[in-house]
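Fold and geometry: a report
Listed below, chain by chain, are the residues.
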Amino acid sequence: MPDGRLYVLIRGMDMAYDAMVLLGLFYDRNKIIMIEEGDLPTPEPGSMMITLDKKEYDGGFSAEAAFYDTVNGQEDFMAILNGCRKPAFSSSMKITEADMNRPGGYLMRNRKIICGTVLYHILQRAFQKELPYGSLTGVRPVKMAAICLADGMDEDQTADLLQRITGISREKARLLYEVACQERSYMDSDDTEVNIYIGIPFCASRCLYCSFTSYPIERLSSLVDPYLDALSKEMEFGSQWIKDNNLRINSLYIGGGTPTALPDNQFARLLSMVQKYFSQTREFTVEAGRPDTINREKLRMIKESGATRISINPQSMNCETLKLIGRNHTPEDIAEKFFIARKLGFDNINMDIIAGLPGENLDMFLRTLSRIEEMKPDNLTVHTMAIKRASILHQTTDEYVSASDDVVEQMLMKARESTKRMGMKPYYLYRQKNMLANLENTGYAVPGKGCRYNVETMVERQSILAFGAGSITKIVIPSENRIERTDNVKDVALYIDRVDEMIVRKRKLLSKMK
């Protein structure tokens, strides 16, 4: 197989970005060049070429992809374009009008999905590599299974269709269907409700893998009170807007950062602000996050504020891993804070863990699962390690050893077995760029204990009003079948100075919901 440039020609479809994302999972993106038929470059010796064609016909359409393993000059380009050159690999799919009108037809009509799949099939053969999600590269693959479910399709029918039109593995197709079934139980609200996110961008320290808006609280301690002043102003605006529009709150989520990194008095102030502006909500989650920021008093304050759900996130129950990733606590600290929360009456506790953390092998991950099972949380969110661009890890990847794709897949399989033993089912799922083994993040919960806010971020049925530095407000306009967003500045000092501007942005965006 040559290792030179890979030229890609797409005809009949505008999907260069989507194709590049998929191509980048197989080949060095720096060597991939999108070309146009009327402006052909002179290929370097040892290059390769892919053509991807979509054609419409009699109410249906077809997609065809071809891979040429040797392209050495303009003559080769012209031979390919004139149909005089046989490809090394090819794949095609034809979608008829009848296909588009049967259950699941909405997905069959999506030209990008079908074109992406024929492209995946030739990449799979050319580079001898299979991806668990086939051609799917988006954040919310469960939406596809939800469409099948809404069309009355059962698990096998859904898996058959998704395998055919995306190349996804049957195991992952069944997982998407199960999540789609479970998330329905948390979707009993309507468009008269909204969801609230409150961002606290402070943390005890920055973890190796973290890319969230988060700043060491010791360094910015003088900004905490001014930040809460600005946040209160923004929350007051949001509260009044909700009242003026006769809306109710479905879920409220305080995240970060680590909200509990705030000193006790400032944390108490934050909770009192929530009670003042958003006291009536069906679900109220506080991201307690790191055990080294939690004490009995803070847990008592959270309980008395009316919170219905908290997260205590170990990420790993291995001491050496915790030190490596920059968390200043031990596995014993995690268990201690968890059981204090239980004694205080918390009956819905989530825990987060990460599969594929630097330096961890399968045995270490199994140790984490064993310790989690001893505590028996109500939710377990299993993340796959993602090397995010804004993280410290991204800058220092070569200094750490990551588990192989096969091991990470085994970790997720063992996590699923563990959640079954704890009586949990998968209720939400999403994917990110640069995830190890191109896998997923999955939230598991004891039935009825899942997080409404998490579900709404995935299904995008309801608007989310977000307050604080780096937060993103998202409004859903069902009548126009579209979503619009506005974001707050990430820098804490800038947020404090420009909070009035953030409120003006929100007012302008929210006016479109009327």
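Anyway, here's the lowdown on the structure attached to this text.

Conventions used here
- Residues numbered from 1 in each chain as written.
- Predicted model: local features only at pLDDT ≥ 70, side-chain atom pairs only at ≥ 80, totals over all residues.
- Heavy atoms only, no water.
- Pairing = 2+ DSSP bridges.
- Helix = DSSP H or I, 4+ residues; strand = E, 2+ residues; numbered from the N terminus.
- Axes fitted to C-alpha atoms, helices over the stretch in contact; angles between N-to-C directions.
- Buried < 20%, exposed > 50% of the residue type's maximum accessible area, 1.4 Å probe, protein only.
- Polar contact = N/O pair within 3.5 Å; in protein donor to acceptor, adjacent residues only side chain to side chain.
- Contact = heavy atoms within 4.5 Å.
- Expected span 1.5 Å × (residues − 1).
- Salt bridge = Lys/Arg side-chain N within 4 Å of Asp/Glu carboxyl O.
- Phe/Tyr/Trp six-rings, centres within 6.5 Å; stacked < 30°, edge-to-face > 60°.
- Lys NZ or Arg CZ within 6 Å of the ring centre and 35° of its normal.

**Things to note about the sheet that holds strand β4 (residues 60-71)**
The mixed open sheet is built from five strands, whose spatial order is β2-β1-β3-β4-β5. Each of the sheet's edge strands pairs with one partner strand only, and the pair in question is β2 (32-35) and β5 (89-95). Along the sheet, successive strands turn relative to each other by an average axial angle of 15°, direction set aside. Here strand β1 (residues 6-11) pairs with β2 via four bridges, running parallel.

**Focus on the side chain of T368**
Along the chain, T368 turns up in helix α14 (residues 362-375). Exposure remark for T368: the relative accessible area of 1% places this residue in the buried category. A polar side-chain atom of T368 sits 3.3 Å from a polar atom in the side chain of N318. In this structure, T368 is in contact with S316, M317, N318 and I353, ignoring residues within four places of it in sequence.

**Quick notes on helix α5 (residues 111-127)**
Compared with an ideal rise of 1.5 Å per residue, which puts 17 residues at 24 Å, α5 spans 24 Å between its outermost C-alpha atoms and is within 8% of the ideal. Of all 17 residues making up α5, 13 are buried, and the element is well covered by its neighbours. The residue sitting at the N-terminus of α5 and contributing the capping side-chain oxygen is N110; that oxygen lies 3.0 Å from the backbone nitrogen of K112. Immediately downstream of α5, the backbone of Q128 shows phi near 50°, a positive value.

**Some points on the pattern of salt bridges**
All chains considered together, the criterion is met by 44 salt bridges. Here R416 and E178 are joined by a salt bridge, their closest N and O atoms 2.3 Å apart. Pair noted here: R416 is in helix α16 (residues 405-421) and E178 is in helix α8 (residues 170-183), with a separation of 238 residues, a long-range link. R416 sits in the buried class, given a relative accessible area of 18%. Residue class for E178 comes out partly exposed when judged on its relative accessible area of 25%. Residue D500 is joined to K233 by a salt bridge in which the shortest nitrogen-to-oxygen separation is 2.7 Å. One end of the pair, D500, is in helix α18 (residues 492-510); the other, K233, is in helix α9 (residues 224-244), and 267 residues separate them in sequence. With a relative accessible area of 44%, D500 lands in the partly exposed category. Residue classification places K233 among the partly exposed residues on the basis of a relative accessible area of 40%.

**Thoughts on the pairing of strand β3 (residues 47-57)**
β3 sits mainly inside the fold: eight of its eleven residues count as buried. Examined bridge by bridge, β1 and β3 share six bridges and lie parallel to one another. When the sheet's bridge partners are listed, Y7 is paired in β3 with M49. Joining the antiparallel neighbours β3 and β4 is a turn of two residues, in which D58 adopts a positive phi near 35°.

**Points about the packing of aromatic side chains**
For the structure shown, the criterion picks out 16 aromatic pairs. When the centroid spacing of 6.3 Å and the interplanar angle of 40° are considered together, the rings of F26 and F127 count as tilted. Of this pair, F26 sits in the loop between α1 (16-23) and β2 while F127 is found in helix α5, placing the two residues 101 residues apart along the sequence. Accessibility expressed as a relative area gives 11% for F26, which makes it buried. Following the ring pairs from residue to residue traces out a cluster consisting of F26, Y27, F67, F89, Y120 and F127. For K129, the ring lying beneath its charged end belongs to F26, and the centroid distance is 5.8 Å. When the ring centre of F346 is taken as reference, the NZ or CZ atom of K303 above it lies at 5.2 Å.

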